[in-house]
Amino acid sequence: MSEVDKLFASPISKVDDFRFDDAVARVFPDMIKRSVPGYPTIIESIGVIAGQYAQPGTLIYDLGCSLGAATQSMRRHLPLNGCRIIAVDNAEAMSERCREYLSAQDAMLEEAIPAEVITADINALTLQPCSMVVLNFTLQFIPTHQRLALLQRIRKALLPGGVLVLSEKLNFTDSQTQNALESLHYAFKRANGYSELEIAQKRTAIENVMRPDPLEVHQQRLRDAGFSHSHLWFQCLNFCSMIAHT
Ligand SMILES: Nc1ncnc2c1ncn2[C@@H]1O[C@H](C[S@+](CC[C@H]([NH3+])C(=O)[O-])CC(=O)[O-])[C@@H](O)[C@H]1O
Ligand SMILES: O=C(O)C(=O)Cc1ccccc1
């Protein structure tokens, strides 16, 4: 269903800001796997984390679900325990394809917990009581000044014992660390077949729309949002994932 990402392979006279449009949606599985070190491990582990923390009979949110990779993983790992997943994305190109992928999964799995896809802005969505929320590389696309309010709403919706899985690209305040890990990230992309031109043009496309924070900023913001404890459970180069507890 998915194609090879060649979106930035030819010279572009003026690189536009990155958007989750139809062209991106078509190549997204290939793009994210070749761009985010550790992505397959994170996706698989989100299913394992759901197995540990999703409470029977409750709701799980996958916010900024793209094509629903995290939702699919949770459905592979969770028993039929009365849980239900709501996957949300405001990009129609993504949410429409996400519905198709989940229907294909329905046909593959004999029984899976129900999953519904909503096309909506997660900043405007009323969150119902839930035991787990996934923000897998989504918060970095939310304008910085709106991030705390979103985390506060997630914290309020979570039931006692509930968790947030927050995966993000990281920035480092120490320039030596920043340069070393950024350079290794570009080496990772080259090793996955991206050219210097593709790396440079993609970098220009995302620089105004994706703004990574340092780990300490995330940890303080999670505390400010009311989470009692958060910890890193995964890091590969400048990409990480955290679990925040109610
Ligand atoms: N305000 C918003 N409301 C809803 N969706 C949004 C918003 N802003 C951005 N998005 C959506 O967040 C997703 C970010 S991709 C997530 C990968 C996925 N989680 C995965 O597990 O494969 C990460 C990446 O491409 O690096 C896109 O689909 C956006 O449309
Ligand atoms: O490609 C990059 O450099 C990234 O940081 C990750 C990414 C992956 C998919 C869409 C946008 C950004």
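In this text the structure is predicted, and so the values were computed from the model without any measurement.

Now for the packing of aromatic side chains. Tallying each qualifying case throughout the model produces five aromatic pairs. With a centroid separation of 5.2 Å and 80° between ring planes, the pair formed by Phe18 and Phe20 is classed as edge-to-face. Taking relative accessible area as the criterion, Phe18 reaches 9% and is therefore assigned buried. Accessibility expressed as a relative area gives 28% for Phe20, which makes it partly exposed. With a centroid separation of 5.8 Å and an interplanar angle of 55°, the aromatic rings of Trp233 and Phe234 are classed as tilted. The exposure class of Trp233 is partly exposed, given its relative accessible area of 23%. With relative accessibility at 15%, the residue Phe234 sits in the buried group. An aromatic cluster is defined as three or more aromatic residues linked by ring pairs; in this entry it consists of Phe18, Phe20, Phe28 and Phe141. Here the basic side chain of Lys189 rests over the ring of Tyr194, its NZ or CZ set 5.9 Å away from the ring centre.

All right, on to helix α3 (residues 69-77) then. Looking at α3, one finds that the buried residues are Ala70, Thr71, Gln72, Ser73, Met74 and Arg75. Along its buried surface, α3 packs onto α2 (39-53), β1 (59-63), β2 (84-89), α4 (92-108), β3 (115-119) and β4 (130-136).

The side chains of a regular strand alternate between the sheet's two faces. Pairing analysis gives seven bridges linking strand β7 (residues 229-236) to strand β8 (residues 239-245), with the strands arranged antiparallel. Bridge pairing links Ser230 to Ala244 in β8. Connecting β7 to the next strand, β8, in antiparallel fashion are two residues, including Leu237 with a positive phi near 50°.

In this structure, Ile46, Ile60, Met74 and Met132 are the most contacted members of the largest nonpolar core, which totals 43 residues. Elements supplying a minimum of two residues to this core: α1 (22-35), α2, α3, α4, β4, β5 (158-171), α7 (196-206) and β8. What Met74 contacts, discounting residues up to four positions off in sequence, is Ile46, Gly47, Ala50, Ile60, Asp62, Ile85, Met132 and Val134. In this structure, Leu139, Leu166, Leu170 and Ala225 belong to the second largest nonpolar core, which totals 29 residues.

Taken from the UniProt record, the annotation "domain: Methyltransferase" (unreviewed entry) applies to residues 60-162. Between the C-alpha atoms that bound residues 60-162 there is a distance of 10 Å. The span itself is 39% helix and 26% strand.

Moving on, we come to the site of ligand 1. If you check the shell around ligand 1, you find 20 residues, and the closest are Tyr39, Gly64, Ser66, Asp89 and Asn136. Ser66 places a polar side-chain atom, nitrogen or oxygen, 2.8 Å from an oxygen atom of ligand 1. For ligand 1, whose accessible area on its own is 660 Å², the fraction buried by protein is 93%. Classifying every residue of the shell around ligand 1 by side-chain character gives 12 nonpolar, six polar and two charged.

Attention now moves to the packing of helix α5 (residues 144-157) against helix α8 (residues 215-224). Describing two packed helices takes the angle between their axes plus the distance from one axis to the other. At a minimum axis separation of 9 Å, α5 and α8 run at an interaxial angle of 45°. On the basis of the axis angle, α5 is oblique to α8. Seen along the crossing, α5 lies across α8 with a hand that is right-handed. Residues Thr144, Arg147, Leu148, Leu151 and Gln152 of α5 form the contact with α8, whose participating residues are Arg221, Leu222 and Asp224. Looking at the contact of α5 with α8 residue by residue, the class counts come to three nonpolar, two polar and three charged.

This brings us to the pairing of β3. In this structure, β2 lies alongside β3, joined through five bridges in parallel fashion. Looking at β3, one finds that Ile86 is bridged to Glu116.

Next up on the list: the site of ligand 2. For ligand 2, the full set of nearby residues is Phe18, Met31, Ser35, Val36, Phe141, Lys169, His185, Lys189, Lys202, Ile206, Met210 and Phe239. Side-chain polar atom of Lys169 to an oxygen atom of ligand 2: 3.0 Å apart, as the coordinates give it. Relative to its unbound accessible area of 320 Å², ligand 2 is 95% covered by the protein chains. Among the secondary structure elements, those contributing two or more residues to the shell around ligand 2 are α1, α6 (175-191) and α7.

Remark: α1 packs on α4, axes separated minimally by 9 Å, with the N-to-C direction vectors making an angle of 40°. Relative to α4, the element α1 is oriented oblique. The interaxial crossing formed by α1 with α4 has right-handed handedness. When α1 is examined against α4, the residues Asp22, Val24, Ala25, Arg26, Phe28 and Pro29 are found in contact with a partner set consisting of Ala93, Met94, Arg97 and Tyr101. Its residues placed into classes, the contact of α1 with α4 shows seven nonpolar, no polar and three charged.

Rules and cut-offs
Residues numbered from 1 in each chain as written. Chains lettered and ligands numbered in written order. Predicted model: local features only at pLDDT ≥ 70, side-chain atom pairs only at ≥ 80, totals over all residues. Heavy atoms only, no water. Phe/Tyr/Trp six-rings, centres within 6.5 Å; stacked < 30°, edge-to-face > 60°. Buried < 20%, exposed > 50% of the residue type's maximum accessible area, 1.4 Å probe, protein only. Lys NZ or Arg CZ within 6 Å of the ring centre and 35° of its normal. Helix = DSSP H or I, 4+ residues; strand = E, 2+ residues; numbered from the N terminus. Contact = heavy atoms within 4.5 Å. Pairing = 2+ DSSP bridges. Core = buried A, V, L, I, M, F, W, Y, C linked by side-chain atoms within 4.5 Å. UniProt positions renumbered as here; feature names shortened; annotations may be inferred. Near = heavy atom within 4 Å. Polar contact = N/O pair within 3.5 Å; in protein donor to acceptor, adjacent residues only side chain to side chain. Areas by Shrake-Rupley, 256 points an atom, 1.4 Å probe, with all protein chains shown as cover. Nonpolar A, V, L, I, M, F, W, Y, C, P; charged D, E, K, R; others polar. Axes fitted to C-alpha atoms, helices over the stretch in contact; angles between N-to-C directions. Parallel < 35°, antiparallel > 145°, perpendicular 65-115°, else oblique. Left-handed = near helix turned anticlockwise from the far one by under 90°.

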